[in-house]
Amino acid sequence: MDRDGLDPEDWEAFRAEAHGLLDLCIDRLRDARDYPWQLMSREAIPHLALSGEGHGEIAASRRIAREILPYHTGNTHPRFWGWVHGTGLAQGLLSEIVATTMNSNAGGRDHAATYVERAVIDWARRVIGFPDTASGVLVTGTSQATVVALMSARTRALGASSRAEGVQGAPLVAYAGAGVHSSSAKAMELLGLGSRALRRIPESDTGMDMNVLRAAIARDKAESLRPFAVIGTAGSVDMGRFDDLETLAQIAQAEGLWFHVDGAFGAWTRLADAPWRHLSDGIERADSLACDFHKWLSVPYDCGLALIREEVDQRAAFAARPAYLEGQSAGLAGAEPWFCDYGVDLSRGNRALKVWMAVESLGEVRLGAAITMNCRQAARMGALIEDTPGLCLMAAVVSNICVFTAAESLSPEEQSALNTRISHELQLSGKAVFSTTKVKGITCLRAAFVNHRTRDHDLTEALKAVVEARDALKLSGVL
Ligand SMILES: *Cc1c(COP(=O)(O)O)cnc(C)c1O
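Residues numbered from 1 in each chain as written. Predicted model: local features only at pLDDT ≥ 70, side-chain atom pairs only at ≥ 80, totals over all residues. Heavy atoms only, no water.

**Student:** Quick one: what's the story with the pattern of salt bridges, residue by residue and with numbers?
**Tutor:** One pass over the structure, following the stated rule, counts 30 salt bridges. One salt bridge connects Glu203 with Arg241, and the closest N-O pair in it is separated by 2.9 Å. One end of the pair, Glu203, is in strand 4 (residues 203-204); the other, Arg241, is in the loop between strand 6 (226-233) and helix 9 (245-255), and 38 residues separate them in sequence. Here Glu255 and Lys221 are joined by a salt bridge, their closest N and O atoms 2.7 Å apart. With Glu255 in helix 9 and Lys221 in helix 8 (residues 210-222), this residue pair connects regions lying 34 residues apart in the sequence. Assessed through its relative accessible area of 26%, Glu255 is described here as partly exposed. Taking the relative accessible area as the measure of exposure, Lys221 reaches 39% and is therefore partly exposed. One network of salt bridges, in which partners are shared, links Glu311, Arg315, Arg321, Glu336 and Asp341. (Salt bridge = Lys/Arg side-chain N within 4 Å of Asp/Glu carboxyl O. Helix = DSSP H or I, 4+ residues; strand = E, 2+ residues; numbered from the N terminus. Buried < 20%, exposed > 50% of the residue type's maximum accessible area, 1.4 Å probe, protein only.)

**Student:** Which residues make up the sheet that holds strand 7 (residues 258-262), and what values go with them?
**Tutor:** The seven strands are arranged 1-9-8-7-6-2-3 in an open sheet whose pairing can be described as mixed. Looking along the sheet, the strands with just one partner apiece sit at the ends: strand 1 (135-139) and strand 3 (198-201). Taking the axes of each pair of neighbouring strands and ignoring which way they run, one obtains an average angle of 20° across the sheet. In this sheet, strand 8 (residues 288-292) lies alongside strand 7 in parallel orientation, the contact comprising three bridges. (Pairing = 2+ DSSP bridges. Axes fitted to C-alpha atoms, helices over the stretch in contact; angles between N-to-C directions.)

**Student:** Any chance you could break down the sheet that holds strand 12 (residues 435-439) for me, citing the residues and the numbers?
**Tutor:** The strand order across the open sheet built from four strands is 10-11-13-12, with neighbouring strands paired in antiparallel fashion. Looking at strand neighbours, the two that pair on one side only are strand 10 (392-393) and strand 12, the edges of this open sheet. Where strand 12 and strand 13 (residues 442-448) come together, five bridges link them in antiparallel fashion. Bridging across to strand 13, Ser435 finds its partner in Arg446. Here helix 12 (residues 412-429) sits on the sheet in contact with strand 11 (401-405), strand 12 and strand 13, set at roughly 35° to strand 13. (Contact = heavy atoms within 4.5 Å.)

**Student:** How would you sum up helix 13 (residues 456-475)? Please name residues and give values.
**Tutor:** Its 20 residues place the ends of helix 13 29 Å apart at the C-alpha level, agreeing with the 28 Å of an ideal helix rising 1.5 Å per residue. Turning to helix 13, its buried residues are Asp458, Leu459, Ala462, Leu463, Ala465, Val466, Val467, Ala469, Arg470 and Leu473. Just past helix 13, the residue Gly477 takes up positive phi, approximately 75°. (Expected span 1.5 Å × (residues − 1).)

Below, the structure written as C-alpha cells:
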C-alpha cells in the first residue's frame, strides 16, 4: 500500500464509498420536495471542529453524508423563495465530478477548461446580444463581476496610467436607481471612488426616473465633477423592477458615460416569453453586464459573469503578466488570451463546465421556459394575495418577485413584527421560505421566484400556511 502522497489508500473501497455517496446525492435531488431547510442542531455544530488528525476518506465521507448534507440552505426545495437563491441542477452533479477530476486551473493556458469557458461566454454574448468584440470572464457572482465591469469603466475614464497612479482624487461619479443592489456601492468603494459618488435616482415600478437622472448629471457637470458611468438594473433584488435600458443607453451615449447593467438574475429574461422578455430590451446596448448563472439559470453555486462590450477595455483594466506567466507559441502555455488578463483572479477553477453542462443538456428553450414559468407564478401569487382577505400586495409584480403584508389592517409596527414572525415560523416548520424586505417602513414578506421546482399548488399551500401562521400568532397574543 502506497502511503506517500495523498491518494486514497484503497481505491476499491474508495470507489464503493463514492458510488454510495453519489446514490445518496441523487436521491436527495430526486426527492428534493422531502427536504426543506432545517435548523442545524446547535449541539452538532461544535462536532465539525477539526482536530487536525486524519481519519481517512471513508470515515470523512460518512460524516459528510450524516452531519453536513442534511443541513443545506434549503434552496433545492420547491417552496424556497427567499432572497434570490438559485435552485441548482441535478445535471450539475456530473459536471462537478468531472471538474474535480480534471482539477483545471482556468487562469489561462491550452487545455479544455479554457475552451469551455470561451464557449460559455460566447453563448452568453449571443443571448444578451453583445457584438463579437466582447470579452468576458466567469467569476464568483455578480458582486465580483460588478467590480470587474466598473474597473473597466474607471480605466476607460481615467486612462491606463490610472492603474499605476491611482485615482488621484479624480471626482468620478456614477448613477443608479434607488433600488440598485448594494454590490454596486461596494464596487465603488473598492475602486477608491466611494459609495457616496454613486448617485441614487428615485424610481417607480418602471425603473429610474430619467428626468431626475438627466438633471443629476447636469448638476454634477456644472459642479466640475466627472460623471463616468450609469448603472441600469435589469431585475432589482427587492422588487424585480427593470430600468428602461433603451433610454439609459441613449442617455449614456449622449453624455459620454459607460453604460453598465446589473442583470444578476433579470438578464436571463432574454430567454423568456413575452411580455417578460421585453423587460430587458436594450441590454444589448450596454458597455458591460454583470450577471449570475447561479440564480435564474440554476447552475450550481457559485458562478457569475462579467461581460464587457469591447475586449480592449477589459484588457486595459486587468492585463498584467510577470515573466513567469509569459505566454508561449507552443505547448501548454499557449491559447491566448488568458482569463487572468480579464479579471482579478489568477488561479481559477473550472466554473464554466457546469454552465456548459446546463446549456448543452437543457438548451435555451427549457431554460427559458423555467424563467417564464416563474414569472407566471409570481403573477399568480400576486393575484392570490389580492384575493385573500387581510393579505395585501405592497408593490406591483413586475417580473418574478412578490412583496406583501399578511395583515394590512394593523399598524406598521405590528405588521412588521407579524410578517417577521411568519417568515420565521414557516422557515422553521419547513413549510415555505419567504424572506423579508421593507416597503414604506413596513417589513414585508417577499417571495422571489427563481425556482424550477415550484409548482402551482405550492403557491396556494404556502399562502394558506401564511394565513394559518398569522391567525395563530394573533390568537396567541404575541402582538
Ligand atoms: C444577487 C444580486 C447581486 C449580487 O450577486 P451575487 O451573485 O450574490 O454576488 C447583485 N445584483 C442583483 C440585482 C442581485 O439580485
